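Structural description and commentary
Each chain is listed here by its residues.
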Amino acid sequence: MKYSLKNINILFVLCIVVSVCPAASADDGYNLWMSYKKLDDAKTLKAYQQAFSSIVIEGQSETLDIIREEVKKGLDGLLGVDVPVRNTLDTGGALVIGTRRQSQIIQKLDLSDKLATLGYEGFLIKSTKINGIPTVVISANEDIGLLYGSFHLLRLMQTGQSFKNVDICSKPKIQYRLLDHWDKLDGTISDQRGYAGKSLWKWDELPDKIDPRYKDYARANASIGINGVVPNSVNADPTILKPEYLKKVAKLADVFRPYGIRVFLSVNFSSPISAKFSEDGNRKGGIGNLNTSDPCDPEVRQWWKDKAKEIYQLIPDFGGFLVKASSEGMPGPQQQYNRTHADGANMLAEALAPYGGIVMWRSFVYNADVDPDRSKRAYKEFVPFDGKFSPNVFIQTKNGPIDFQPREPLNSLFGAMPNTPLMLELQIMQEYLGHSKHLVYLAPMWKEYLEFDTYAKGRGSTLASIIDGSLHNYQMTGIAGVTNIGDDRNWCGHLFGQANWYAFGRLAWDHNLSSETIANEWIRMTLSRKSKVVKQIQSMMIGSREACVNYMTPLGLHHIMQEGFHYGPQPSLDKSGRVDWTSVYYHRADVNGLGFDRSSTGSNATSQYFSPNAEIFDSLKRCPEKYLLWFHHVSWDHKMKSGRTLWKELCRRYYKGVDYVKKMEHTWDAIEKDIDPEIYLHVKEKLATQEKDAAIWRDTCVSYFQKFSNRPVPAYK
Ligand code: GCW
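Residues numbered from 1 in each chain as written. Predicted model: local features only at pLDDT ≥ 70, side-chain atom pairs only at ≥ 80, totals over all residues. Heavy atoms only, no water.

**Description of the site of the ligand**
Going by this rule: Residues are classed as near a molecule or strand on a simple rule: at least one heavy atom within 4 Å of it. Under the rule applied, a polar contact is a pair of N or O atoms within 3.5 Å (in protein, one hydrogen donor and one hydrogen acceptor; residues adjacent in sequence only if both atoms are side-chain atoms). Using only the protein atoms, space was sampled on a 1 Å grid; points where a 1.4 Å probe fits but cannot get out form cavities, open sets with protein on both sides within 12 Å along at least five of seven lines form pockets, and lining residues are those with an atom within 4 Å of a point. A molecule is counted as occupying a cavity or pocket when more than half of its atoms fall within 2 Å of that pocket's grid points.
Taken together, 14 residues are adjacent to the ligand, and D191, K324, R362, D403 and E431 come closest. Take R193: an N or O atom from its side chain is 2.8 Å from an oxygen atom of the ligand. Taking K398, its side chain carries an N or O atom lying 2.7 Å from an oxygen atom of the ligand. More than half of the atoms belonging to the ligand lie within 2 Å of the grid points that define the second largest pocket.

**A short note on helix 8 (residues 243-256)**
For clarity, the cut-off: Here a helix means four or more residues in a row that DSSP labels H or I, a strand means two or more in a row labelled E, and each is numbered from the N terminus. The span you would expect from a helix comes to 1.5 Å times its residue count less one. In what follows, residue pairs with any heavy atoms lying within 4.5 Å of each other are defined as contacts.
Across its 14 residues, helix 8 extends 20 Å between first and last C-alpha, which sits within 8% of the 20 Å expected from 1.5 Å per residue. Against helix 7 (213-223), strand 8 (228-230), strand 9 (262-263), strand 10 (265-266) and helix 9 (298-314) lie the buried residues of helix 8.

**Comments concerning the sheet that holds strand 7 (residues 176-180)**
The cut-off we apply is this: Pairing between two strands is assigned when DSSP locates at least 2 bridges connecting them. Here an angle of 0 to 180 degrees is reported between the N-to-C directions of two axes, which are lines fitted to C-alpha atoms, with helices fitted over the stretch in contact.
Spatial ordering of the open sheet is given by 9-8-7-15-14-13-12-11-10, a layout of nine strands whose pairing is parallel. The sheet is open, and its two borders are formed by strand 9 and strand 10, each paired with just one other strand. The sheet contact formed by strand 7 and strand 15 (residues 478-482) spans five bridges and is parallel. For Y176, the partnering residue across the bridge sits in strand 15 and is G478. The strands that helix 15 (residues 497-509) touches are strand 7, strand 14 (422-427) and strand 15; relative to strand 7, the one it contacts most, it runs at about 160°.

**Some remarks on the side chain of T477**
Our working rule: Exposure classes here rest on a 1.4 Å probe applied to the protein chains alone. A residue is buried below 20% of its type maximum, exposed above 50%, and partly exposed in between.
Take T477: it is sitting in the loop between helix 14 (463-467) and strand 15. The class of T477 is buried, set by a relative accessible area of 7%. With residues near it in sequence (within four places) discarded, T477 still touches K173, I174, Q175, Y176, F394, I467, D468 and G469.

**A short note on the packing of aromatic side chains**
Note on aromatic pairs: each is described by the distance of the centres and the angle between the planes. Where we set the bar: When two rings of Phe, Tyr or Trp (its six-membered ring) have centres within 6.5 Å they constitute a pair, described as stacked for plane angles under 30 degrees, edge-to-face for angles over 60, and tilted for the intermediate range.
Enumeration according to the criterion identifies 42 aromatic pairs in this entry. Measuring from ring centre to ring centre gives 6.0 Å for Y609 and F631, while their planes differ by 85°; the resulting arrangement is edge-to-face. Of this pair, Y609 sits in the loop between strand 16 (593-594) and helix 20 (613-618) while F631 sits in helix 21 (residues 628-631), placing them 22 residues apart in sequence. Its relative accessible area of 11% is what places Y609 among the buried residues. For F631, a relative accessible area of 1% translates into the label buried. Ring geometry for W636 against W647: centres 5.8 Å apart, planes inclined by 85°, an arrangement best described as edge-to-face. Of the two residues, W636 is situated in the loop between strand 17 (634-635) and helix 22 (646-670) and W647 in helix 22; the sequence distance between them amounts to 11 residues. Overall, the relative accessible area of 2% leaves W647 in the buried class. Linked through ring pairs, Y30, W33, W201, Y214, Y217, F256, W491, W501 and Y502 together constitute an aromatic cluster.

**A short note on the packing of helix 17 (residues 531-542) against helix 22**
The following threshold applies: For classification, angles of less than 35 degrees are called roughly parallel, those exceeding 145 degrees roughly antiparallel, those between 65 and 115 degrees roughly perpendicular, and all remaining angles oblique. Should the near helix be turned anticlockwise from the far one by less than a right angle, the crossing is termed left-handed; should it be turned clockwise, right-handed. Under the convention adopted here, Pro, Cys and the residues Ala, Val, Leu, Ile, Met, Phe, Trp and Tyr are nonpolar, Asp, Glu, Lys and Arg are charged, and Gly plus all remaining residues are polar.
Remark: helix 17 packs on helix 22, axes separated minimally by 10 Å, with the N-to-C direction vectors making an angle of 165°. With respect to helix 22, the element helix 17 is oriented roughly antiparallel. When you trace helix 17 past helix 22, the crossing you get is left-handed. In this structure, helix 17 contributes Q536, I537, S539, M540 and I542 to the contact, and helix 22 contributes Y660, M664, T667, W668 and A670. The residue makeup of the contact of helix 17 with helix 22, split by class, is seven nonpolar, three polar and no charged.

**Considering the side chain of R68**
Its place among the elements puts R68 in helix 3 (residues 62-79). In this structure R68 comes out as buried when scored by relative accessible area, which is 17%.

**A word on the nonpolar core**
Cut-off, in case you're wondering: The definition of a nonpolar core used throughout is a set of buried Ala, Val, Leu, Ile, Met, Phe, Trp, Tyr and Cys residues joined through side-chain atoms within 4.5 Å.
In this structure, F256, W361, W668 and F705 are the most contacted members of the largest nonpolar core, which totals 216 residues. Considering each element in turn, this core owes the most residues, 11 residues, to helix 23 (residues 677-709). Aside from chain neighbours lying at most four places away, what touches F256 is W201, Y214, Y217, A218, V229, I261 and V263.

**Quick notes on helix 16 (residues 515-526)**
Along its 12 residues, helix 16 runs 16 Å from first to last C-alpha, staying within 8% of the 16 Å computed at 1.5 Å per residue. Those residues of helix 16 lying buried are S515, I518, A519, E521, W522, I523, R524, M525 and T526. If you follow the buried residues of helix 16, they end up packed against helix 6 (143-158), helix 13 (443-450), helix 15 and helix 17.

**What to know about the domain arrangement of the chain**
Stated precisely, the cut-off is as follows: A domain assignment, automatic or from a database, supplies the domain bounds used here. By buried area we mean the combined loss of accessible area, with a 1.4 Å probe, across both parts when two parts are placed together. The rule for a salt bridge is simple: a side-chain nitrogen of Lys or Arg has to be within 4 Å of a carboxyl oxygen of Asp or Glu.
By domain assignment, the chain separates into domain 1 (42-170), domain 2 (176-511) and domain 3 (546-709). If you average the C-alpha positions of domain 2 and of domain 3, the two centres end up 28 Å apart. Across the boundary between the two partners, domain 2 contributes 46 residues, which contact 42 residues of domain 3. Here domain 2 and domain 3 share an interface that buries about 3,800 Å² over both sides, 62% of which is from carbon and sulfur atoms. If you look at where domain 2 meets domain 3, you find two salt bridges.

Here is the structure:
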């Protein structure tokens, strides 16, 4: 193009427009809760600028470098000024970060009593004067504690807290806080559960090329206290243990290490078997040279010991193995070798013990041939082995006895294994709660479980007290979240999926935090700091899980999702006519009523709970209505607490659920001007899909059940 005078004029005008008008701040969600946008409240801004006119960090380590970079980035962004990073104290308010080991300034402060209580990962944040200079101090015993403290300080700033007399001591209540990926080595996610794109891990490029996103991932996890990652699916491909793959894993471990994150691996129980046996019935081939993976075979034991040694040479802080054995077609010690879960887990534990590694042996087992009520299986298979596992073995157990449903009662295993540390497995990925299409904030659901009283040792024996080790004095404690992260630009597919990642980390650190507090933090850090807007978004989030229960599976219904895909409703039989583990098996609708009788007149799963839960769940009258159809087959005319019949109440719930989604849409529309335009549109579209699909759930289920109830659908107001 020739630059005519006219063209130049247009260019000139364009330049002025671009530089004068503030660019519409398009946000694609990549920065998660760490965008560190400048604070807009003038008073807070001024107070912070005075308090943090420099950052003082003494000492050297990779983690300290990360802290320097992160705190500077955070402060510069939030305060809108260039905050210098120094190693000596100057005049003016300062942020001082250090351990006693490396910081002379910290050594002079009287912090030893507090530090003595903080352990390896804890931190303190305290305002104090040093040589007359007002400072805010972050200290810890280890650099990782400083990193956690720094992220906490940034969180306090992002949420506008005062630092006047700040005096915080914090340490995690749970020791192992892991994200489990269900990522396969080909880049897809197991069973098409990739609701946020493909796997983050580019195995083809590793170990030569390190995607910069690995670092961003580690940083986000560290900001919420996640300290372990299982990068590969529990449906484990034995290939992961091949030397060339271990080198790739070692590279990931190198990236994660300074962020306090250790790598663990899912392993296949048949790994020691030679691949030439792959066609041999249910003995799928592995990567070894043996013809068995029998845990009592000395050669097999040696194979695992050699493998552990090889791993620790490459990854000295390797965390350990996660194992899905004798479950959904995965090999294990039982069917194949007639050995026990304890034989299998202890063999792996023996190989890892010299290096401090652990085994997370999953309890997700069910078998239609031997147990017609799937929900009872884990208890039956594991409780007899309580106390028989090596000290470095966790039994990793899903929150519910079936499978990550919108609502289940707590898994009866919790409380029933006082001599075996149970690790809680939650699912952040919304496999059964609308994938990445539905806005469902999961913290209220997780809190419902954490606060569930098992009565294992009398009143107050909550799940939280079991998994944090306080009830049974477990010597190790852990929690894992099946992650919802993929390679989508915004990480989780749905922007609000980020809130669930965030909430998981926060609850893993401190299960006493409320769902409201966590939502409030996340909104202020991610979407808006305007109190009114925060309140509106918070109100959308808080009721969203109950709404999902209502439009999918109210009153204790469960697993009536489409087979395999687990998204839409499929209350009827599929084409094969098979009943086991289909919707029909779970809801048991007939002309008399609805629900699975797990009471003493049915499968008697209620007897697996401690008293008084056992009696309460067993009684049609006393059973909480939220679990009613889980434990009872209930007549359509059964009187509910509301005075309505079961049929009418069921319909009402379905309508109420969909109405909540409509309400969320209205709220979202009302705050349009306060939300970044790109994010606004993204969520708006998701909500429209949610409304449409929630209505499909309602209409499909109501009309299907009506065929059995034979009663009119009541008008819903
Ligand atoms: O929830 C079910 C899922 C499977 C999953 C399995 C498990 C990875 O539908 O996709 O397998 O649980 O937890 O092992």
